[in-house]
Amino acid sequence: MKQFLSLLIVFFSGQLIAQQKIDSLIRIFEDIPGTTKDEIQSLNETSSKFSSTFPSISEQFARKALAKSSELGFREEQASAYLNLADVFRTRSDLTKALEHGFSAFNIYEELGDSGRMAVSANSIGRYYGDISNWENAFKYYNLSLQLCGEDIKTRGKALNNIGSMYHDQDNYDSAHVYFQKALDLALEIKDQPGMAIGYGNMGIIYLQKFNDVPKAVEYYEKSITMKEELVDFFGLAYSYINMGNLHRNIGKYQKAREYYATAVAYTDSAEAKWVKSAAYSRWGRSEGLAGNEELKNLYLEKSRKLQREVLIERQESELKQLEASYNLEKRDRELLISKQNLQLLESDRKIKIIQITFLLVTIGLLGVLFFLQRSRNRKAREMQQTKTKLLESELSHKTNELNSFTLNLIQKQDMMTEINTVIKQIKKSSQADAIKKSISELDQIVTRQARSDKEWEDFRVYFDKVHTDFFKNLKIKFPSLGIAELRLAALIKLNLSIKETSSILGISPNSVKTARYRLRTKLNLAHEQSLSGFLITFEG
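The shown structure was predicted, so the numbers you read here are calculated from the model rather than taken from an experiment.

Enquirer: Before we move on, can you summarise the overall build of the protein with the specific residues and values?
Expert: Scanning the protein from N- to C-terminus turns up 22 helices and zero strands. Counting all 541 residues of the protein, 39% fall into the buried class. Long-range contacts, defined as pairs at least 24 residues apart, comprise 58% of the intrachain contacts of the protein with a sequence gap of at least 6. For the protein, the accessible surface area stands at approximately 31300 Å², while carbon and sulfur atoms represent 55% of it.

Dropping the structure here:
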């Protein structure tokens, strides 16, 4: 009982200090207008210092800093305000909003390229994830914090402490001990009082749960409590007294446990932390149950459940109020805009109609231009095609005329040769002189050779190919057994020459031409009723 009374004396003296601190903070809040960067930084520093001790006061400082920094465009101070609000929401166990504000801070610091403050934000985000047992994301952000913090020992120590807490919550006491010890060593190195207070409390848990060393655990808990009293950290003190209550409950000292739980409940009143008070009542109820006090057990467990319900209801009410405030603000803005919108409505309609008419006229104009251009292109294409056709027809006509002229000359030449031949034969018959006969015989041979000259046929073939391209090639491919004489005859038939004209050109009798035509017909595999002339005239290959 004496121990309990001494604890209450400490508590009530702490209450007096707390009230003095609150009065001092209110004066500071009123004295800082937040019109400069330094003043906004001062607001954020005060908010950060008291986020767990006086969360309502801390929230006021953070919201003022956020409003002023947003108004003046101070991004770094805006991020700090988000981070402070995240810690306030964590104190109230509103982890959804804590995460939301934590990420807002992280994103701004990332945008600014401030790796040190990114490390602080990442550590806080990891802690929020840890509170909801999302170990994967918690470990991810703790590691990110360690990677980004560089030489910032305080942030490194917080991350190590949080990793230790994560392992502790998973009953991995060996790993928890390693990280708690590293964090405490760093806090002692730089004399970080908040870090030392947390570190001593964590080591007390380890010595109790891992080593079952009650005296050592009590020693660490008492060191933690002493430092938290100096820091006026009611939230932290509540947890420390819950730990002391758990320790004495586990060793069967239920009266001592009762005193510590009662003190924890008292501290949670001043810390505005119903969720922590709920935890204190829950542990207290279990302790009374172990002590055989079923009535007190049920009483405290019901108080714990009631507080949990109140927290959830308050959170829902807060969210509803925010939604209602947002709705009312939007409604007011809409009402203010209605008259202006009505005044602008006719003007807007007129402008829209002007735009529509202008668009229609422009569209019609563009379509007209496109139609004209397309029509012009089509006309030019037709003219080019007509010109090309005329050129081809002209060229073909020219080549045909050349072929006809050459063929006519060839016929005339052959006719002349035939006449010379006839005269020579008559001279041969009438002359008796051997010498004359011999000369005339030689002349006859020359004329006959000239009539069959391959050169004449080559020239003929050149002209013929200009008009009937690839006739000889295609005919030879389709009928490979055709000889040169038969190809010549086929060409003359294609020109639709008569048997007399053909015999004159080839230098053979008409009967020989008929015989040659019959042989050609056989090699072309023509049916009896099929016309040789018709086949060759239409043949293209």
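Text resumes after the structure shown.
Enquirer: So, the packing of aromatic side chains: which residues are in play, and what are the values?
Expert: On inspection of all chains with the given rule, the structure shows 19 aromatic pairs. Plain terms: the ring middles of Y281 and Y300 are 5.7 Å apart, the flat faces sit at 20 degrees to each other, and that makes the pair stacked. On the criterion of sequence distance, the pair formed by Y281 in helix 14 (residues 274-290) and Y300 in helix 15 (residues 294-430) is long-range, its members being 19 residues apart. Owing to a relative accessible area of 10%, Y300 belongs among the buried residues under this scheme.

Enquirer: Any chance you could break down the packing of helix 10 (residues 193-209) against helix 11 (residues 214-230) for me, citing the residues and the numbers?
Expert: Close contact between helix 10 and helix 11 brings their axes to 8 Å; oriented N to C, the two are set at 160 degrees. In terms of their interaxial angle, helix 10 and helix 11 are classed as roughly antiparallel. Helix 11 is crossed by helix 10, and the crossing has left-handed handedness. When helix 10 is examined against helix 11, the residues Q193, M196, A197, Y200, G201, M203, G204, I205, Y207 and L208 are found in contact with a partner set consisting of V214, K216, A217, Y220, Y221, K223, S224, M227, K228 and E230. Here the residues of the contact of helix 10 with helix 11 sort into twelve nonpolar, four polar and four charged.

Enquirer: Give me the lowdown on the nonpolar core, citing residues and values where you can.
Expert: Ranked by internal contacts, the top residues of the largest apolar core, which has 82 residues, are Y241, I242, L247 and W284. Ranked by size, the runner-up nonpolar core spans 23 residues in total, among them F464, A491, I493 and I505.

Enquirer: Tell me about the environment of G245, residues and numbers included.
Expert: Mapped onto the elements of the fold, G245 is located in helix 12 (residues 234-250). We classify G245 as buried; its relative accessible area is 0%. Taking the C-alpha atoms as reference points, G245 and A264, 19 residues apart in sequence, are found 8.8 Å from one another. Not counting residues within four places of it along the chain, the set of residues in contact with G245 comprises A257, Y260 and Y261.

Enquirer: Account for unusual backbone geometry, with residues named and values stated.
Expert: Negative phi characterises most residues that are not glycine, and trans characterises most peptide bonds. The phi dihedral of S133 falls on the positive side, at around 60 degrees, and the residue is not glycine. Secondary-structure assignment places S133 in the loop between helix 6 (115-131) and helix 7 (135-148). Despite not being glycine, N496 has its phi angle at roughly 65 degrees, a positive value.

Criteria and thresholds
Residues numbered from 1 in each chain as written. Predicted model: local features only at pLDDT ≥ 70, side-chain atom pairs only at ≥ 80, totals over all residues. Heavy atoms only, no water. Helix = DSSP H or I, 4+ residues; strand = E, 2+ residues; numbered from the N terminus. Buried < 20%, exposed > 50% of the residue type's maximum accessible area, 1.4 Å probe, protein only. Contact = heavy atoms within 4.5 Å. Areas by Shrake-Rupley, 256 points an atom, 1.4 Å probe, with all protein chains shown as cover. Phe/Tyr/Trp six-rings, centres within 6.5 Å; stacked < 30°, edge-to-face > 60°. Axes fitted to C-alpha atoms, helices over the stretch in contact; angles between N-to-C directions. Parallel < 35°, antiparallel > 145°, perpendicular 65-115°, else oblique. Left-handed = near helix turned anticlockwise from the far one by under 90°. Nonpolar A, V, L, I, M, F, W, Y, C, P; charged D, E, K, R; others polar. Core = buried A, V, L, I, M, F, W, Y, C linked by side-chain atoms within 4.5 Å.

So far we have only geometry, and geometry alone does not tell us how the molecule works.
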